[in-house]
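A look at the structure
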Amino acid sequence: MGGIVSTPPTHKFPLPTMETSDYVRPSKLLLNVTIENSLGAVQVLMWPEDTVDDLVKAALVIYHKEKRRPLLKDTDPKCYDLHYSPYSLQSLKPNEKLKNLGSRNFFLCSKPPASLF
């Protein structure tokens, strides 16, 4: 009974480091988005290559799907800006990649009425 079991190698040792080209990035990012006037953050699982615009869309869909309160007046992603915090005046660029942001916690607030058009 028993014998030698051979399995194909799955990892090279030593494991790749950030300096080598074989560095393995996480497959997805877990991001927290707090929506204006909401009590808790919405957790969103996104690819690192996705953009800020994709994150806004996904956060709004999850907020609506989970039937969170208060209800949003508008579910159009173009009506919202994503910020690092509620105290940050500058919004993030919609075409910026999530992997380049340096944070996993964000604040989503509605745009002022004058900037919608």
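The text that follows walks through the structure, step by step, so that each part is easy to find. Since we're looking at a predicted model, the values are computed, not measured.

1. Focus on the pattern of salt bridges
- All told, the structure shown has four salt bridges when counted by the stated rule.
- For the salt bridge of glutamate 66 with arginine 68, the shortest nitrogen-to-oxygen distance reads 2.8 Å.

2. A short note on the sheet that holds strand 1 (residues 29-35)
- Strand order in the open sheet made by the four strands is 2-1-4-3, with mixed pairing throughout. Of all strands in the sheet, those bounded by a partner on one side alone are strand 2 (41-46) and strand 3 (80-83). The sheet shows a mean angle of 30° between the axes of neighbouring strands, taken without regard to direction.
- Sheet strands in contact with helix 1 (residues 52-65) are strand 1, strand 2, strand 3 and strand 4 (105-110), and its direction is about 125° off that of strand 2.

3. Quick notes on the environment of leucine 60
- Topologically, leucine 60 is positioned in helix 1.
- Separated by twelve residues in sequence, leucine 60 and leucine 72 place their C-alpha atoms 8.9 Å apart.
- Ignoring anything within four residues of it in the chain, the contact list for leucine 60 reads Leu72, Thr75, Asp76, Pro77, Tyr80 and Leu108.

4. What to know about the environment of glutamate 96
- Looking at the secondary structure, you find glutamate 96 in the loop between strand 3 and strand 4.
- Expressed as a C-alpha distance, the spacing of glutamate 96 and threonine 51, which sit 45 residues apart in the sequence, is 5.3 Å.
- Beyond its immediate stretch of four places on either side in the chain, glutamate 96 contacts Asp50, Thr51, Val52 and Leu101.

What counts as what
- Residues numbered from 1 in each chain as written.
- Predicted model: local features only at pLDDT ≥ 70, side-chain atom pairs only at ≥ 80, totals over all residues.
- Heavy atoms only, no water.
- Salt bridge = Lys/Arg side-chain N within 4 Å of Asp/Glu carboxyl O.
- Pairing = 2+ DSSP bridges.
- Helix = DSSP H or I, 4+ residues; strand = E, 2+ residues; numbered from the N terminus.
- Axes fitted to C-alpha atoms, helices over the stretch in contact; angles between N-to-C directions.
- Contact = heavy atoms within 4.5 Å.

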